[in-house]
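Report on the structure
Okay, here's what each chain looks like letter by letter:
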Amino acid sequence: MIIDEFFADDKKWWDTRILATDISGKVLEKAGLGIYSSESLSYVPVRWRNKYFRKHGENTYIIDDRIKKEIIFRKFNLMEDIYPLRRKFHVIFCRNVMIYFDKNTKDRLVEKFYNFTEPGGYLFIG
């Protein structure tokens, strides 16, 4: 939604797709549906809820297809020696996963992320 707002009419000139990965097929399947509870959208600005979501059930909303089609969901194991990625990324977000690894594994992951980040790109770890 942020990308859509930022690029607006110029979005057609940019590759704004997002690669969303997880090791769990169930998590990816659920995420791919793009269905959210009313409660989970409570912090989303009303303008964005009205623009990017439509009512899907009594207490659920579904994300608009024009946003959903921008996201590619793939099963991905960070522990693989070689990542099956074709190109580098301008931004990488690694959330809620590194807390499970020891320092050596974290260091190896950060190095892999670095190698898959475009020069001047960003890595966010949380």
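Residues numbered from 1 in each chain as written. Predicted model: local features only at pLDDT ≥ 70, side-chain atom pairs only at ≥ 80, totals over all residues. Heavy atoms only, no water.

Near the N-terminus of helix H2 (residues 25-33), the side chain that reaches the backbone nitrogen of Lys26, with its oxygen 3.3 Å away, is that of Ser24. Note on H2: the residue one or two positions beyond its end, Gly34, has a positive phi of about 70°. (Polar contact = N/O pair within 3.5 Å; in protein donor to acceptor, adjacent residues only side chain to side chain. Helix = DSSP H or I, 4+ residues; strand = E, 2+ residues; numbered from the N terminus.)

Moving on to the side chain of Asp4. Considering the arrangement of structural elements, one finds Asp4 in helix H1 (residues 2-7). Residues in contact with Asp4, not counting those within four places in the same chain, are Lys11, Lys51, Tyr52, Arg66 and Ile67. (Contact = heavy atoms within 4.5 Å.)

Read from one edge of the open sheet, 3 strands run S2-S4-S3, paired in antiparallel fashion. Of all strands in the sheet, those with a lone pairing partner are strand S2 (35-37) and strand S3 (53-55), marking the two edges. Recorded for the sheet is a direction-independent mean angle of 35° between the axes of neighbouring strands. Strand direction decides the pairing type here: S2 and strand S4 (residues 60-63), joined by 3 bridges, are antiparallel. Following the sheet pairing, Ile35 is matched in S4 by Ile62. (Pairing = 2+ DSSP bridges. Axes fitted to C-alpha atoms, helices over the stretch in contact; angles between N-to-C directions.)

What follows is about the environment of Asn77. Tracing the chain through its elements places Asn77 in the loop between strand S5 (71-75) and strand S6 (89-94). As for Asn77 and Gly121, which are separated by 44 residues in sequence, their C-alpha atoms are 22 Å apart. If we skip the residues at most four places from it in the chain, Asn77 touches Ile23 and Tyr83. For Asn77, the side chain forms a polar contact with the main-chain nitrogen of Met79, separated by 2.8 Å.

With that out of the way, let us pick up the nonpolar core. Of all hydrophobic cores here, the largest spans 9 residues; its members are Phe76, Leu78, Tyr83, Ile92, Cys94, Met98, Leu109, Phe113 and Phe116. Broken down by secondary-structure element, the contributors of at least two residues to this core are S6 and helix H5 (103-115). With residues near it in sequence (within four places) discarded, Phe113 still touches Leu78, Ile92, Cys94, Met98 and Leu123. Formed by 7 residues, the second largest nonpolar core is a distinct cluster that contains Leu41, Trp48, Ile63 and Ile67. (Core = buried A, V, L, I, M, F, W, Y, C linked by side-chain atoms within 4.5 Å. Buried < 20%, exposed > 50% of the residue type's maximum accessible area, 1.4 Å probe, protein only.)

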